[in-house]
Amino acid sequence: MADSIRQQIMDKIDARLKTIKTSAGYKTDIGANVFDWLDRDLAGKELDALIYRDRSAEIETETLELRNNRVRLEIEVKTKSGSTTAEQVREMIEDVYKAIAQDDTWDG
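As the structure is a computational prediction, the values presented were derived from the model and not from experiment.

Cut-offs used in this document
Residues numbered from 1 in each chain as written. Predicted model: local features only at pLDDT ≥ 70, side-chain atom pairs only at ≥ 80, totals over all residues. Heavy atoms only, no water. Pairing = 2+ DSSP bridges. Helix = DSSP H or I, 4+ residues; strand = E, 2+ residues; numbered from the N terminus. Axes fitted to C-alpha atoms, helices over the stretch in contact; angles between N-to-C directions. Contact = heavy atoms within 4.5 Å. Buried < 20%, exposed > 50% of the residue type's maximum accessible area, 1.4 Å probe, protein only. Expected span 1.5 Å × (residues − 1). Arc of directions from axis to C-beta. Phe/Tyr/Trp six-rings, centres within 6.5 Å; stacked < 30°, edge-to-face > 60°. Lys NZ or Arg CZ within 6 Å of the ring centre and 35° of its normal. Polar contact = N/O pair within 3.5 Å; in protein donor to acceptor, adjacent residues only side chain to side chain.

**Student:** Can you walk me through the sheet that holds strand E1 (residues 34–36) in this structure?
**Tutor:** Hydrogen bonds between backbone atoms are what pair the strands of a sheet, whose relative direction is either parallel or antiparallel. Strand order in the open sheet formed by three strands is E1-E2-E3, and the pairing between neighbours is mixed. Either end of the sheet is taken by a strand with one partner, and the two such strands are E1 and strand E3 (67–78). Ignoring strand direction, the axes of neighbouring strands in this sheet form an average angle of 30°. Bridge count between E1 and strand E2 (residues 49–61): three bridges; the pairing is parallel. When the sheet's bridge partners are listed, Val34 is paired in E2 with Leu50. Contacting E1, E2 and E3, helix H1 (residues 5–17) runs over the sheet at an angle of about 145° to E2. Along the sheet face, helix H2 (residues 85–101) touches E2 and E3 and points at about 160° away from the line of E3.

**Student:** What is the right way to read the pairing of E3 from this model?
**Tutor:** Along any regular strand, the residues point their side chains to alternate faces of the sheet. Bridge analysis of E2 against E3 gives 12 bridges, and the strand direction is antiparallel. For Ala57, the partnering residue across the bridge sits in E3 and is Val71. Taking the residues between adjacent antiparallel strands as the criterion, E2 and E3 are bridged by five residues.

**Student:** Even after reading the chapter, I still don't get the environment of Asp36, so can you show me in this structure?
**Tutor:** Within the element layout of this structure, Asp36 appears in strand E1. Exposure remark for Asp36: the relative accessible area of 43% places this residue in the partly exposed category. Sequence spacing of Asp36 and Asp14 is 22 residues, and the spatial spacing of their C-alpha atoms is 7.7 Å.

**Student:** What exactly am I supposed to notice about H2 here?
**Tutor:** If you check H2, its first and last C-alpha atoms are 24 Å apart, about what 17 residues at 1.5 Å a residue would give, namely 24 Å. Every buried residue of H2 is accounted for by Met92, Asp95, Val96 and Ala99. Buried residues of H2 fall within an arc of 100° about the axis and therefore sit on the same side. Exposed residues pointing more than 90 degrees away from the buried face of H2 are listed as Arg90, Tyr97 and Ala101.

**Student:** Would you mind going over the packing of aromatic side chains with me for this structure?
**Tutor:** Two aromatic rings are characterised by how far apart their centres lie and by the angle between their planes. What the rule picks out here adds up to zero aromatic pairs. Above the face of the Phe35 ring, Arg40 is positioned so that its terminal group lies 6.0 Å from the ring centre. Seen from the ring of Tyr26, Lys98 lies directly overhead, with NZ or CZ sitting 4.9 Å from the centre.

**Student:** Is there a simple way to think about the side chain of Glu46 in this case?
**Tutor:** Looking at the secondary structure, you find Glu46 in the loop between E1 and E2. Under the relative-accessibility criterion, Glu46 is labelled buried at 14%. At 2.7 Å, the side chain of Glu46 and the side chain of Arg40 are in polar contact. A polar side-chain atom of Glu46 sits 2.7 Å from the main-chain amide nitrogen of Ala43.

Now the structure itself:
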């Protein structure tokens with residue numbers, strides 16, 4: 001059975017977020033620790049980390065062949081506490097925006 005459209009969207013989001021690495025031109029390596037709906041404390045070695053959750057989805061039917069699928073996504077970034085924590089979090093957020101902006105159609 002094929003994955004639902006929502007699952008296909010989430011798979012693309014997961015793959016895109018995992019590209020966030022300095023070797024790919026980003027400021028952080030937060031893509032090394034990406035979690036879907038994680039609900040536990042993270043160990044030190046798992047930080048820096050990004051947790052995403054698809055809270056809701058809407059489907060708008062335009063024609064029989066065309067539907068718009070919108071997924072409301074919550075993204076949480078976590079880092080170790082320290083003297084530059086706020087700056088690190090801002091860089092992670094900037095990297096997330098950059099990754100999302102790579103292709104706003106998510107390959108259609």
